[in-house]
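What the coordinates show
What follows is each chain in one-letter form.
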Protein chains: 2
Amino acid sequence: MTVLLAFGTVARAQDPLPSWNDGATKTSITDFVGKVTREGSADFVPPAERIAVFDNDGTLWCEQPMYFQFLFALDRVKALAPQHPEWKEKEPFVSLLKGDLKAALAGGEKAMLEIVMATHAGVSTEEFNAIVREWMKTAHHPKYKRPYDTCIYQPMVELLAYLRANGFKTFIVSGGGVEFMRPWTEQAYGIPPEQVVGSSGVVKFEMKDGIPPAAVLMKEPKVEFIDDGPGKPVGINRFIGRRPVMAFGNSDGDLQMLQYTTAGGPAADGSKSPRFALIVHHTDGEREFAYDRTSHIGKLDKALDAARSNGWTVVNMKDDWKVIFPDGQVRSGTAGTGAGAGAGR
Amino acid sequence: MTVLLAFGTVARAQDPLPSWNDGATKTSITDFVGKVTREGSADFVPPAERIAVFDNDGTLWCEQPMYFQFLFALDRVKALAPQHPEWKEKEPFVSLLKGDLKAALAGGEKAMLEIVMATHAGVSTEEFNAIVREWMKTAHHPKYKRPYDTCIYQPMVELLAYLRANGFKTFIVSGGGVEFMRPWTEQAYGIPPEQVVGSSGVVKFEMKDGIPPAAVLMKEPKVEFIDDGPGKPVGINRFIGRRPVMAFGNSDGDLQMLQYTTAGGPAADGSKSPRFALIVHHTDGEREFAYDRTSHIGKLDKALDAARSNGWTVVNMKDDWKVIFPDGQVRSGTAGTGAGAGAGR
């Protein structure tokens, strides 16, 4: 398998998506990949143009009970509190340090932004990278009691590998912070830092004294770019410079990315090539979390309607996925057509 | 050779840099690449971390008698004039349309910016891409009488291929506009759009009526990011997210990129890996253009001093390069140690 992957050859002898139940969802993916990679097919897409973009929160990893990056920020508030005596008298920090998250977030988006800025600035990009790595090693998800970077969706990890084996270049395009994702996405998903597009804060170049002097980028408490909603196609254009062939999301924040991918204007050469869009619908309250139209996190409303009217693939997590996380938690789907099919075929 | 490249194997049997005269410059490159790619070497750099960044104007292609993108903008002013009757009474356009470039540029940077904004906005990213492609097919360099995308440096094209054959991922990091470069860099240099970092204008996502409706990004007349000087390390961090191992430039606008690459803070894992920086010094007034400390375009002053004090490699174009452009113009160096060495060894 490793050899096949390395040579970019399609590995069809074995099921490349063993954690997906058989059925229309899985078939929509494999049919599409089959036709765009078959030389001579009318829908053939040259390897250089095979760009696939994935949202992260709720699409590649869990986003409940709260965005993991925000949980990271809360842990950082506690760690940094001794250096910030002024937080004892300043909201939202007072409430946070008392453990009263609800009161802390009474300030809404402004309070959240303040928490993120206070915990994501004042260090160099390399220092921040090390802080994130350390947190990933030590912090655990409140429900699953495991490191956050293992709360990733095994079926999506297989899908990423399957697409790369078929000549696709896989990118993350997330509302999450780019500096928060890059330290661990390569190990978790096989996606290197240079293929991670995300929101970002301003950084400033500085030469620091020393022997020899060091050239660093310092993180400032100022938002530079929000890679969400209409910002996602903007981020794709800015970082990738090609219209994707496939796009994967799970919430209304992904709507414009899916529209940009599928409702393409003409390609540079005037041609119209096939496009694919998929939405992960969180329907499994038992193994994971069930939420959609009214959720505060990962709200899926307009994009679900758009999926239906445009014929995009909608993953029903409960029925389509045999496994949620990498180490198992296998469960036969209760309604899936492929229920009970063995893993590893 | 194709097979060797495809498998990422080092092709050492033949000289991989046939357009470079033998000597200290060439050796500094091949020695460095040799040591960072030799497994077991103390200086070994894993393939995933082999990032090489290249300035474009004056480093990969010619930038005289003026940045090519500005020459493109001037051609666009002429093409767009019929749609802009107001330009007949408005500087810098009045002077431009009369052919008086000097008067047009009397307004300095503000005038230049106005010209670029007027010619780089109001169209979708895909329409702009097509305009650039068409210009590359039809416009010719005033001195060389050939398409601009063939006024690229053959020795640097070989260097790019050599680095890729040694597992490096090659990126452009240029002050030039990213949307102006991406349409042609893949064919010219083998660098795909997603590995081009540059200055950019604001773009806005729009759904356009039609059957089916089209989702496009419209270019607005507003600067978003200037990827020059201290902006280059910022751009590298934003787009690539790793500190490069090798950096190549030719002017003071590249100084901070070279500093960021070589005067590294600690790597994420605390280690200190070897770094390489190179400056292309334009010393060949006969085959190309000779300029440095006092040039308006591609000024090389502080960075030349920094190169000397830091031991960076400085390419003496006149002596180090057998050939300037892809189709020949071969000339034996008059002072190079490898003068007269045959191409293709």
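Basis of the calculations
Residues numbered from 1 in each chain as written. Chains lettered and ligands numbered in written order. Predicted model: local features only at pLDDT ≥ 70, side-chain atom pairs only at ≥ 80, totals over all residues. Heavy atoms only, no water. Helix = DSSP H or I, 4+ residues; strand = E, 2+ residues; numbered from the N terminus. Buried < 20%, exposed > 50% of the residue type's maximum accessible area, 1.4 Å probe, protein only. Contact = heavy atoms within 4.5 Å. Areas by Shrake-Rupley, 256 points an atom, 1.4 Å probe, with all protein chains shown as cover. Polar contact = N/O pair within 3.5 Å; in protein donor to acceptor, adjacent residues only side chain to side chain. Least-squares fit on C-alpha atoms with pLDDT ≥ 70 in both. Buried area = accessible area lost by both parts, 1.4 Å probe. Salt bridge = Lys/Arg side-chain N within 4 Å of Asp/Glu carboxyl O. Patch = residues over 30% accessible without salt bridge, like charges linked within 9 Å, V, L, I, M, F, W, Y side chains within 5 Å. Phe/Tyr/Trp six-rings, centres within 6.5 Å; stacked < 30°, edge-to-face > 60°. Pairing = 2+ DSSP bridges. Axes fitted to C-alpha atoms, helices over the stretch in contact; angles between N-to-C directions. Parallel < 35°, antiparallel > 145°, perpendicular 65-115°, else oblique. Nonpolar A, V, L, I, M, F, W, Y, C, P; charged D, E, K, R; others polar. Core = buried A, V, L, I, M, F, W, Y, C linked by side-chain atoms within 4.5 Å. Expected span 1.5 Å × (residues − 1).

Description of the overall build of chain A
Secondary structure summary: chain A contains 13 helices and seven strands in total. Every one of the 345 residues in chain A was classed for burial, and the buried ones make up 58%. Of the contacts made within chain A by residues no fewer than 6 positions apart, 67% connect residues no fewer than 24 positions apart. Counting every atom, chain A has about 14,300 Å² of accessible surface; 54% of that belongs to carbon and sulfur.

A word on the environment of B:K90
Counting through the fold element by element, B:K90 comes out in the loop between α3 (68–80) and α4 (93–98). Side chain to side chain, B:K90 and B:E114 meet in a polar contact 3.5 Å long.

Some points on the relation of the copies chain A and chain B
The transformation that overlays chain A on chain B combines an axial shift of 0.0 Å with a rotation of 180°, and the residual RMSD is 0.0 Å. What the superposition gives is, in effect, a two-fold axis relating one chain to the other. Distance from the rotation axis, computed per C-alpha, reaches its smallest value in chain A at A:F239: 3.1 Å. A shared binding surface is used by both copies, with 100% of the interface residues of chain A retained as interface residues in chain B.

Focus: the interface of chain A and chain B
Taken together, the contact between chain A and chain B spans 43 residues of the former and 43 residues of the latter. Contact with chain B buries area across many residues of chain A, yet A:E194, A:F205 and A:R238 alone supply 18% of it, more than any other trio. Summed over the shared surface of chain A and chain B, the number is ten salt bridges. Linking chain A to chain B there are 26 residue pairs in polar contact (both at pLDDT 80 or more).

Notes on unusual backbone geometry
Residues and elements named next belong to chain A. Here E91 and P92 are connected by a cis peptide whose omega angle stands at 5°. Within the secondary structure, P92 is located in the loop between α3 (68–80) and α4 (93–98). Unusually for a residue other than glycine, K145 sits at a positive phi of about 55°. Structurally, K145 can be placed in the loop between α7 (125–138) and α8 (154–165). A relative accessible area of 63% places K145 in the exposed class.

Description of a nonpolar patch on the surface
Residues and elements named next belong to chain A. Nonpolar side chains collect at one region of the surface, where L113, V223 and I226 lie side by side and expose about 240 Å² of accessible area between them. Mapped onto the elements of the fold, V223 is located in strand β4 (residues 214–225). Given the relative accessible area of 32%, V223 is considered partly exposed.

Here's the deal with the packing of aromatic side chains
One pass over the structure, following the stated rule, counts 39 aromatic pairs over all chains. Taking 5.2 Å as the distance between ring centres and 75° as the angle between the ring planes, the aromatic pair formed by A:F72 and A:W135 counts as edge-to-face. Remark: A:W135 occurs in helix α7 and A:F72 occurs in helix α3; sequence separation between them is 63 residues. For the pair A:F72 and A:W135, a shared accessibility class is recorded, and that class is buried. With centroids separated by 4.6 Å and ring planes inclined at 10°, the aromatic side chains of B:W135 and B:Y148 adopt a geometry described as stacked. Linking B:W135 in helix α7 (residues 125–138) with B:Y148 in the loop between α7 and α8 (154–165), this pair joins segments that are 13 residues apart in sequence.

Things to note about the pairing of strand β1 (residues 51–54) of chain A
Residues and elements named next belong to chain A. Here β1 shows no split at all, with I51 and V53 on one side and A52 and F54 on the other all buried. Judged from the four bridges that link them, β1 and strand β2 (residues 169–177) form a sheet pairing that is parallel. In the strand pairing of β2, I51 is matched with K169. Here β1 pairs with strand β5 (residues 246–249) via three bridges, running parallel. Paired with V53 across the bridge in β5 is A247.

Some words on the packing of α3(A) against α7(A)
Residue and element names in this part refer to chain A. Between α3 and α7, the least distance of the axes is 11 Å, while the angle of their chain directions is 100°. As judged from the angle between their axes, α3 and α7 are roughly perpendicular. Seen from α3, the contacting residues are F68, L71, F72, D75 and R76; seen from α7, they are F128, I131, V132 and W135. For the contact of α3 with α7, the class distribution of residues is seven nonpolar, no polar and two charged.

Observations regarding the environment of A:L300
Residue and element names in this part refer to chain A. Following the sequence through the fold, L300 ends up in the loop between β6 (276–281) and α12 (302–310). Sequence separation between L300 and L101 is 199 residues, and the spatial gap between their C-alpha atoms is 24 Å. Apart from the residues lying within four places of it in its own chain, the contact partners of L300 are N250, S251, D252, I279, V280, H281, D292 and R293.

Things to note about the nonpolar core
The biggest cluster of nonpolar side chains holds 68 residues, and the ones touching the most others in it are A:M156, A:L159, A:L163, A:Y189, A:M246 and A:F248. Take this core: its biggest share by element is eight residues, from α3(A). Here A:F248 is in contact with A:A52, A:V53, A:F54, A:D55, A:T59, A:M156, A:L159, A:L163, A:M257, A:L258, A:F276 and A:L278, once residues within four sequence places are set aside. The next biggest cluster of nonpolar side chains, apart from the first, holds 67 residues, and it includes B:A104, B:Y144, B:Y153 and B:F248.

Considerations on the sheet that holds strand β3 (residues 196–208) of chain B
Here we have seven strands laid out as an open sheet, ordered β4-β3-β2-β1-β5-β6-β7 (chain B), and mixed in their pairing. If you trace the sheet from one side to the other, it starts and ends with β4 (214–225) and β7 (313–316) of chain B, each paired once. Along the sheet, successive strands turn relative to each other by an average axial angle of 30°, direction set aside. The strands that helix α11 (residues 255–262) of chain A touches are β3 and β4 of chain B; relative to β3(B), the one it contacts most, it runs at about 90°. Each of β1 (51–54), β2 (169–177), β5 (246–249) and β6 (276–281) of chain B touches α8(B); the most contacted strand, β1(B), lies at about 165° to it.

Topic: helix α11 (residues 255–262) of chain B
Residues three or four positions apart in an α-helix share a direction because the helix packs 3.6 residues into each turn. Counting buried residues along α11(B), seven of its eight residues qualify, which places the element largely inside the surrounding structure. Listed in full, the buried residues belonging to α11(B) are B:L255, B:Q256, B:M257, B:L258, B:Q259, B:Y260 and B:T261.

Some thoughts on the side chain of A:T25
With respect to the helices and strands, the residue A:T25 is situated in helix α2 (residues 24–37). In contact with A:T25, not counting residues within four places along its chain, are A:W20, A:T313, A:V314, A:V315 and A:D320.

Quick word on α8(B)
Residues and elements named next belong to chain B. Given a rise of 1.5 Å per residue, twelve residues ought to cover 16 Å, and the 17 Å separating the end C-alpha atoms of α8 matches this to within 8%. Burial analysis of α8 places nine of its twelve residues in the buried class, which makes it a mostly covered element. Turning to α8, its buried residues are Q154, P155, M156, E158, L159, L160, Y162, L163 and A165. Of the residues trailing α8, G167 is marked for its positive phi of about 85°.

A short note on the pattern of salt bridges
Enumeration over the complete set of coordinates arrives at 34 salt bridges over all chains. Between A:E194 and B:K169 there is a salt bridge, with the nearest N and O atoms lying 3.0 Å from each other. One end of the pair, A:E194, is in the loop between α9 (178–189) and β3 (196–208); the other, B:K169, is in strand β2, on a second chain. Members of the salt-bridge network, linked through shared partners, are A:K169, A:R242, B:E186 and B:E194.

These results come straight from atomic positions and should not be treated as a statement about function.
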